[in-house]
Amino acid sequence: MTPTLIIVPGLGDSGPQHWQTLWQHKFGAERVRQDDPENPLPEVWAARLHEVIEATPGQLVLVAHSAGVATVAHWAQLSGGEDMERVRGALLVAPADPEQPGMAELHPQLLALAPLPLDELPFPALLVYSENDPYCTPERAEAMAEAWGAAAVSAGEAGHINAESGHGEWPDGEILLSEVLHAWTPPDVVRF
């Protein structure tokens, strides 16, 4: 059975032309909707993610963007138990680094997500980063991936991998999503 996708947006809840919103409709995904999508508070945002996970039956794959990536990291650190076991993988895209120098001027709301948990994630993950993302350097993205036990993939000079950077439906992202979905495939299933 294919797992249900859970969309974990960043600041602003990923607008109508964002690939996360388009994927939500295309794949029938569930979505985490924060009460205040402009002001992330780690415990509050992680608790809302936990609520959506608890309310969604079956196997799950998290699809996080920007501050949503930090939300997944905070949730993994704060949570445990059987709901955690149902998360079969995560696609972590364009992480926002709340500890990046200059973030107070760039996007002060993100500072609330610091310190960013760097504990190994208890599920397979693929972190996709951009070489010219204003919210996270490639070096920091690769360090996050290593700490989380995630594979890391550069999307090249792709900006923040959102609607503003020209990533509407983001077909390349769908290929990466398929890799995450295959990461949990049982070993006796033959992949072609």
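See above for the structure.
So, here is what we can say about the structure in this document.

## As for the overall build of the protein
The secondary structure content of the protein amounts to seven helices and six strands. Beginning at the N terminus, the succession of helices and strands in the protein can be written as β-α-β-α-β-α-α-β-α-β-α-β-α. If one aligns the C-alpha atoms of the protein with their principal axes, the spans along those axes are about 50 × 35 × 30 Å. Buried positions account for 50% of the 192 residues belonging to the protein. Of the contacts made within the protein by residues no fewer than 6 positions apart, 75% connect residues no fewer than 24 positions apart. Taken as a whole, the protein presents about 8900 Å² of accessible surface, with 53% of it coming from carbon and sulfur. On the protein, the mean spot of the 8 positive side-chain charges and the mean spot of the 28 negative ones are 8 Å from each other.

## With respect to empty space enclosed by the protein
Going through the model one piece at a time under the given rule, you end up with one cavity of 30 Å³ or more. Taken as a whole, the largest cavity encloses approximately 30 Å³ of empty space. Lining the largest cavity, in full, are Pro9, Gly10, Asp13, Val32, Gln34, Pro37 and Trp45. The residue inventory of the lining of the largest cavity, partitioned by class, reads four nonpolar, two polar and one charged.

Cut-offs and rules
- Residues numbered from 1 in each chain as written.
- Predicted model: local features only at pLDDT ≥ 70, side-chain atom pairs only at ≥ 80, totals over all residues.
- Heavy atoms only, no water.
- Helix = DSSP H or I, 4+ residues; strand = E, 2+ residues; numbered from the N terminus.
- Buried < 20%, exposed > 50% of the residue type's maximum accessible area, 1.4 Å probe, protein only.
- Contact = heavy atoms within 4.5 Å.
- Areas by Shrake-Rupley, 256 points an atom, 1.4 Å probe, with all protein chains shown as cover.
- Lys, Arg positive; Asp, Glu negative; His and termini not counted.
- Charge placed at Lys NZ, Arg CZ, Asp CG, Glu CD.
- 1 Å grid on protein atoms, 1.4 Å probe; cavity = no way out; pocket = protein on both sides within 12 Å on 5 of 7 lines; lining within 4 Å.
- Points joined across faces, edges and corners; volume = space filled by probe spheres on them.
- Nonpolar A, V, L, I, M, F, W, Y, C, P; charged D, E, K, R; others polar.

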